[in-house]
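Descriptive analysis of the structure
This is what each chain is made of:
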Amino acid sequence: MTFDIIDITPEKDGLKSRIKKWPWYGAPIFASICFALFYAAVVPSFYSYPTMLYTSNEAQHVDEFIGERAMSQLAEYSAIGNKMTGSIANEVYTVNFLLRELGAIVADARTDLYDIEVEMQYSSGSFFLWSMAMSYSNLSNVVVKITQKTNPNNNYLLVNSHYDSEVTTPGAADDGVMVVIMLETLRVISKSEKPLAHPVVFLFNGAEEANMLGSHGFITQHRWAPNCKALVNLDSTGAGGREVLFQTGPHHPWLAKYYKASAKHPFGTTVAEELFQNNFIPSDTDFRIFRDYGNVPGLDMAHVVNGYVYHTKYDNFKNLERGTYQTTGDNVLALVWALANAPELDDTAAHEEGHMVYYDFVGWFMVAYTESASVAINIVVSICALIAIGLSLYMMTRDNAADAPKALFVRFGVTFLVQLLTIGVACGLTILVAVFMQGVGLAESWYYQIWMTFGLYFCTLFFVMGLLPAFYIGWTKGKTNLKLDQLIACFMHAHCVIMVLICIIATSLGVRSAFLPMIGIFFYTISIIIQVILKLTVKKSFFVTVNLICQILPYIYYTYTCYVVLVVFVPMQGRDGPDSSPDLQISLFIILMTLHFAGFTIPVMHKFRKSKTAFSMFGVLTIIFIILAATPAGFPFKKDVAAQRYYVLHTERVFHTLNNGTTTDSGFYIQPVERRIHELDDTTLKAARPKGWIDEYCQSEPFCGLPLYSGRWLDWKDSALWIDSSAPEFPLAIDLTVLKNLNNQNQVGYNFTLKASDRVMIFIQPTDGVKVVDWSFDRTPLDEGHEPPYFMYHCYAFVEEPFEFWVQLDYSEANVADDGSYFKMVVAEHFLYHKDNYTTDFREFLDTFPDWTYTTDWFTSYHSWEL
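Residues numbered from 1 in each chain as written. Predicted model: local features only at pLDDT ≥ 70, side-chain atom pairs only at ≥ 80, totals over all residues. Heavy atoms only, no water.

1. Quick word on the state of the cysteines
Our working definition: Counting rule for disulfides: a pair of cysteine sulfur atoms within 2.5 Å. Any residue under 20% of the maximum accessible area for its type is buried, any over 50% is exposed, and the rest in between are partly exposed; the area is computed with a 1.4 Å probe on protein chains only.
For the structure on display, the rule yields one disulfide. Between Cys-698 and Cys-704 runs a disulfide, and the two sulfur atoms are separated by 2.1 Å. One quick way to see it: the torsion about the S-S bond of Cys-698 and Cys-704 is about 105°, and its sign makes the bridge right-handed. The class of Cys-698 is partly exposed, set by a relative accessible area of 27%. Free cysteine: Cys-459, not disulfide-bonded; nearest cysteine sulfur from Cys-562 at 13 Å. A disulfide-free cysteine, Cys-550 has its sulfur positioned 12 Å from the sulfur of Cys-496, the nearest such atom.

2. Describing the packing of aromatic side chains
Worth spelling out the cut-off: Aromatic pairs are defined between Phe, Tyr and Trp rings, using the six-membered ring for Trp, whenever the two ring centres lie within 6.5 Å; interplanar angles under 30 degrees are classed as stacked, those over 60 as edge-to-face, and all others as tilted. Comment: the charge-over-ring label is applied if NZ (Lys) or CZ (Arg) is within 6 Å of the ring centre and within 35 degrees of the ring normal.
With the rule as written, the count across this model stands at 68 aromatic pairs. On the basis of an interplanar angle of 65° and a centroid distance of 5.8 Å, the ring pair of Tyr-557 and Tyr-558 is categorised as edge-to-face. Taken together, Tyr-646, Phe-668, Phe-730, Phe-831, Tyr-838, Phe-842, Phe-845, Phe-849 and Phe-859 form an aromatic cluster joined through their ring pairs. Against the face of Tyr-77 rests Lys-83, its NZ or CZ located 4.0 Å from the ring centre. Its guanidinium or amino end placed over the ring of Trp-22, Lys-607 lies 5.0 Å from that ring's centre, counting from NZ or CZ.

3. Describing the pattern of salt bridges
Let me state the cut-off plainly: For this analysis, a salt bridge means a side-chain nitrogen from Lys or Arg found within 4 Å of a carboxyl oxygen belonging to Asp or Glu. Strands here are runs of E lasting at least two residues and helices are runs of H or I lasting at least four, both read from the DSSP assignment and numbered beginning at the N terminus.
Scanning all chains against the criterion turns up 30 salt bridges. Of the charged contacts in the structure, one is a salt bridge between Asp-108 and Lys-191, with a shortest N-O distance of 3.1 Å. Of the two residues, Asp-108 is situated in helix H3 (residues 88–108) and Lys-191 in the loop between helix H4 (172–190) and strand S8 (200–205); the sequence distance between them amounts to 83 residues. The partly exposed category is assigned to Lys-191, whose relative accessible area is 34%. A salt bridge links Arg-288 to Asp-284, with the nearest nitrogen and oxygen atoms 2.4 Å apart. Classification of Arg-288 by relative accessible area gives partly exposed; the value is 25%. Residue classification places Asp-284 among the buried residues on the basis of a relative accessible area of 14%. Overlapping salt bridges bring together Glu-58, Arg-69, Glu-184 and Arg-187 as one network.

4. Considering helix H11 (residues 405–439)
Our working definition: Working rule for helices: expected span equals 1.5 Å times residues minus one.
Compared with an ideal rise of 1.5 Å per residue, which puts 35 residues at 51 Å, H11 spans 50 Å between its outermost C-alpha atoms and is within 8% of the ideal. Just downstream of H11 lies Gly-441, where phi reads positive at about 80°.

5. Digging into the side chain of Ser-135
The condition is simple: When checking whether two residues touch, look at their non-hydrogen atoms; a contact exists if any pair is within 4.5 Å.
Turning to its location among the elements, Ser-135 is positioned in strand S6 (residues 132–148). Setting aside residues no more than four positions away along its own chain, Ser-135 makes contact with Gly-125, Ser-126, Tyr-793, His-794, Cys-795 and Phe-803.

As structure tokens, this is what we get:
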């Protein structure tokens, strides 16, 4: 690209301002080149998959993962349909599928080299998680251990995935594809002559979606669990693609080092780990259970592409990214082999030290180093940057007719303040646009069309970050002897100093993601050093050329990271709750990512004539996109692709009084799952009870009289809706037997025998002054002094015996009459996979939802007793 130089030489106070600018049309060309680089390097890299290996060529690919076999197995797995824990599909059909495939692997294995043991585990237990006392009975796991006969070590590697699925979904991605990848990994190892220094336990667990009960049953009860020293956990929050490494350790950096050395297609970042562990991601994995209840460190990986299908019927075989099998299979096989041969497994405690900082570069390679090394790198790079900037400023004073050193450093100080103000205004205006979009009911206009984020938030940032400095540069004409290149360099230097401050502050706070600003600082420092060398040798710095060349790699990395953030987090906003602020969250992510590269690339546009006009066009685009969001083009939901989600529970509520009286109502309990909760107010939901209907129940009933399936739903109660209807028809009615025992120590005990569905929620709310002192559930809420009401969750599979539990209360500080109430107890039973029992009214109501919505629906009963 070549431009004619236009020399603008205004005279003022005897000073000649040598401002040389390029033609105006270079600005849109420059912006186009930036976009082209993103689409040429970033997007193809993100969706780059290896060539699938086929069984017909298996003989030429010994010890390699055969993607076609995994794909064929997944087709059969997915065809089973929904696999809720406790259902015959999960406990019989899927288990039989696994046992048959494992039998074939064992039959074809090198039995002269390996011992392979296959076991069915049925577990029962209790624990505390997510403010709920969990209990479970007779839940199934399929467990396999492969041991090389020449290496009978007592320290095992654990590999986990789950074969159950959520309501209505066949679970092809979550987590069927990981199940078949584990099967193929086991098959390849069982036929290989490669060394296997430690046994590998493959846990196919049958109850992850049921609040991770299957992993708890294994790690607390199975005979092999105490020998498991490290973990590879495989899960999903999307429809395949490349699996992201988003949790490591904790405190075992050697695990990430093995991932870096062995993963053929690396994809992972400390940023994801810190976001996940700070609850920015509305989900959890079995990794938590193995870590908290087994003290097993490990690696947590999940698929993230097309998160719109997560926990819906669209999570099927057809919608899974075809490249998933080979990509993830290659990585898992290599990683399992590497970790199974790791000497660290023999004494993991000796290697328990610190955290890792890790990130991939566009999937091309992985960078990983310890947290202590990260601190040193961040500090050294930041100091070098400040020294380089100081040297660059000093050399500006050596130019002919340059400002005096003192005047130049004062000018740089002013430039720094202008850049700081620019960033503040840019961030503020971007956030203001987000708040405006939410305030006027246009939230999530980017939900299906991610490109809408460009006009709404990227353009807002670019507009301010370019325009305010442009005004300042224009104001300085005739007031300084600095050349335009030097003025632009001062803005870049100022931005680098701001990034240095952010990097140092984040590092001092222990934020491992401080590597993000460090990368930009590092490459900008390199560009300064090259310019200084050129200035000293050939007397010309080639400022723009050197800077742009040095910004190519960081630009690719930052735009790649930003793209990953949007691909992962945009679909999540559709299930983050009606109380969420999706536009605010997405705008903040965009701000954090964009600031790292914008301050080093946008100033280049000041080299072109009419730069203010060019920057103003970004502002115009923001306005256009806001208007676009208010049109049908900005409607965020799309049939079968990006639907708006609702929970819909056909509910019967029965309120039992002390004198054996009852009152009953029934209806559809509707819970929106994202912010745009008024889309159906005039259609499907027009018959809902008036706003505030729930308040009277919040005064009288535990958890507001709602048949909650998750404690998180209580936070959403203000948006809960109720439409009166006929009652559901239950295949199994609640049968509760109560035995009350009084003693002489101001205590009363209750023993209960309950027959109900395989998932029940039990809520307990003591009367004022009455305390629960003991019960048969996990004691954590009592020992830690949690405030009532208490939330219990019970799940079972194929258990004929009733569920028995007891509660002991102390009423010494209460004024309870002999015939008075000591507490309220609620039993809510949920029928999550019984669509054949839906009433006609329920089916007709579900049909009124438009095709761009998705309902997760079942029927439930809510029984409340005064006892």
